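Coordinate analysis (summary)
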Amino acid sequence: MVLTVTAAATSMLLVSYAGVAGVVAHRFTRAQRKAPCLLQAREVQLPARDGRATVAAAYLSVAQPRGAVVFVHGKDACRGDELKGNTADLAARFNEAGLAVLMIDLRGHGGSSRARLTYGQRERFDVLGAVDWLLAQGHARIGVLGASMGAASTLMAAADEPAIRCVVADSAFCDFGQMIERQFRKLSRLPAIVLPAALAIGRALTGVALQSVRPLDAAARLAGRPCLMIHSAGDRFVPAADAERLAAAAGGELWITDTDGHIGSYRALPAAYTERVLGFFARHLA
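Described in the following lines is the structure provided in the data block. (Residues numbered from 1 in each chain as written. Predicted model: local features only at pLDDT ≥ 70, side-chain atom pairs only at ≥ 80, totals over all residues. Heavy atoms only, no water.)

Scanning the protein chain from N- to C-terminus turns up 10 helices and 8 strands. In terms of overall size, the protein chain behaves like a compact globule, its C-alpha atoms giving a radius of gyration of 20 Å where 286 residues would be expected to give roughly 19 Å. Taken along the three principal axes of its C-alpha coordinates, the protein chain extends 85 × 35 × 30 Å. The buried share of the protein chain, reckoned over its 286 residues, is 53%. By sequence separation, contacts in the protein chain at least 24 residues apart represent 75% of the contacts at least 6 residues apart. Summed over all atoms, the accessible surface of the protein chain reaches about 12300 Å², with 55% contributed by carbon and sulfur. Taken as two groups, the 32 positive and 24 negative side-chain charges of the protein chain have centres that lie 5 Å from each other. (Helix = DSSP H or I, 4+ residues; strand = E, 2+ residues; numbered from the N terminus. Rg over C-alpha atoms; globule rule 2.2 N^0.38 Å. Buried < 20%, exposed > 50% of the residue type's maximum accessible area, 1.4 Å probe, protein only. Contact = heavy atoms within 4.5 Å. Areas by Shrake-Rupley, 256 points an atom, 1.4 Å probe, with all protein chains shown as cover. Lys, Arg positive; Asp, Glu negative; His and termini not counted. Charge placed at Lys NZ, Arg CZ, Asp CG, Glu CD.)

In regular strands, side chains alternate between the two faces of the sheet. Counting buried positions over the 6 residues of strand E4 (residues 99-104) gives 6, a clear majority of the element. Here 4 bridges tie strand E2 (residues 54-60) to E4, and the two strands are oriented antiparallel to one another. Counterpart to Tyr 59 in the pairing with E4 is Leu 102. When strand E3 (residues 67-72) meets E4, the two strands line up parallel, connected through 6 bridges. What sits directly across from Val 72, in E4, is Ile 104. Running through helix H2 (residues 88-96), the crossover from E3 to the neighbouring parallel element E4 is right-handed. (Pairing = 2+ DSSP bridges. Right-handed = clockwise from strand over helix to strand, strands pointing away.)

Geometrically, a pair of aromatic rings is defined through the distance of the ring centres and the angle of the planes. As enumerated under the stated definition, the model contains 8 aromatic pairs in all. Their ring planes at 35° and their centres at 4.4 Å tell us that Tyr 119 and Phe 176 sit as a pair that is tilted. Placement of Tyr 119 in the loop between E4 and helix H3 (124-136) and of Phe 176 in helix H5 (residues 176-188) is noted, with a sequence separation of 57 residues between them. For the pair formed by Tyr 119 and Phe 176, the shared burial category is buried. For the pair Phe 280 and Phe 281, a centre-to-centre distance of 5.5 Å together with 80° between the ring planes defines the contact as edge-to-face. The class for Phe 280 is buried, based on a relative accessible area of 1%. With a relative accessible area of 0%, Phe 281 lands in the buried category. By the ring-pair criterion, three or more aromatic residues cluster together here, those being Phe 71, Phe 94, Phe 280 and Phe 281. (Phe/Tyr/Trp six-rings, centres within 6.5 Å; stacked < 30°, edge-to-face > 60°.)

At their nearest, the axes of H2 and helix H10 (residues 270-285) sit 11 Å apart, and the two run at 40° to each other. Taken as axis vectors, H2 and H10 run oblique relative to one another. Judged by the twist between their axes, the crossing of H2 over H10 is right-handed. Touching Leu 90, Arg 93 and Phe 94 of H2 are Thr 274, Val 277, Leu 278 and Phe 281, all from H10. Considering only residue class, the contact of H2 with H10 consists of 5 nonpolar, 1 polar and 1 charged. (Axes fitted to C-alpha atoms, helices over the stretch in contact; angles between N-to-C directions. Parallel < 35°, antiparallel > 145°, perpendicular 65-115°, else oblique. Left-handed = near helix turned anticlockwise from the far one by under 90°. Nonpolar A, V, L, I, M, F, W, Y, C, P; charged D, E, K, R; others polar.)

If you trace the backbone, Pro 196 turns up in helix H6 (residues 195-206). Its relative accessible area of 54% is what places Pro 196 among the exposed residues. In this structure, the C-alpha to C-alpha distance between Pro 196 and Glu 181, residues 15 residues apart in sequence, is 9.8 Å.

The next subject is the pattern of salt bridges. Inspection of the entire model under this criterion finds 16 salt bridges. Close ionic contact of Asp 105 with Arg 79 constitutes a salt bridge, the shortest N to O distance being 2.8 Å. Of this pair, Asp 105 sits in the loop between E4 and H3 while Arg 79 is found in the loop between E3 and H2, placing the two residues 26 residues apart along the sequence. For the pair formed by Asp 105 and Arg 79, the shared burial category is buried. One salt bridge connects Arg 107 with Asp 126, and the closest N-O pair in it is separated by 2.7 Å. Residue Arg 107 is located in the loop between E4 and H3, and its partner Asp 126 is located in helix H3; the two are separated by 19 residues in the primary sequence. Residues joined in a network through salt bridges with shared partners are Glu 43, Arg 79 and Asp 105. (Salt bridge = Lys/Arg side-chain N within 4 Å of Asp/Glu carboxyl O.)

Structure (structure tokens):
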């Protein structure tokens, strides 16, 4: 009788554990879809390179382009909202400097195909699809500006595609496994014992071992290519130390701004940010 009760209680605990882990996995692999900002731009639908998503984009052209830059947003954002603020002004400044801009919605976001989040592992194919589209338009000099998950996607895309000549990665993480371990209790308000099961269920939902997503490895493959890592000193979600490690791995530039919050640099320092980032792309895409 005692054994039967114990077995039943154990079964109930296991079912509860799996249920809670399943809810957590569902939440951290689902994007909050946000309507894209209205832009004075050509609306584009383009295929991701892996053929598993259609990517919605906005293309801001110039008459005689010196190059083109892809803007890539982070989790739960969309085109025009890449830097936690309307980036239409930033895109307009790029156009004035002779740079075309292609703003994309990553899969699962904005107007793009439905998809689970993989924190850059599959989203990199959306960036690569944008590069393919720009190459087809005749652009030979292409750079990418990515923020947070978009920065992770950018680094991994650039490691796969030499046509991406230069990269700006704002608020990128080095290692998703380390990041989720740091933030799990804060985000879920659950004990860390739930995380392994949540990751296992996340893999079943996405087909990706999320704990193995490491933009740091991609950065190491970019040595010799111009890279600029930007980070807020007061970022409590992804520490600025991640940007330092990424810049060291890529042999790139590092700009730690005296600002707070995740993706906080452009919002707090729009003029300085525009000057630094536009100057970087103008220099390396000329």
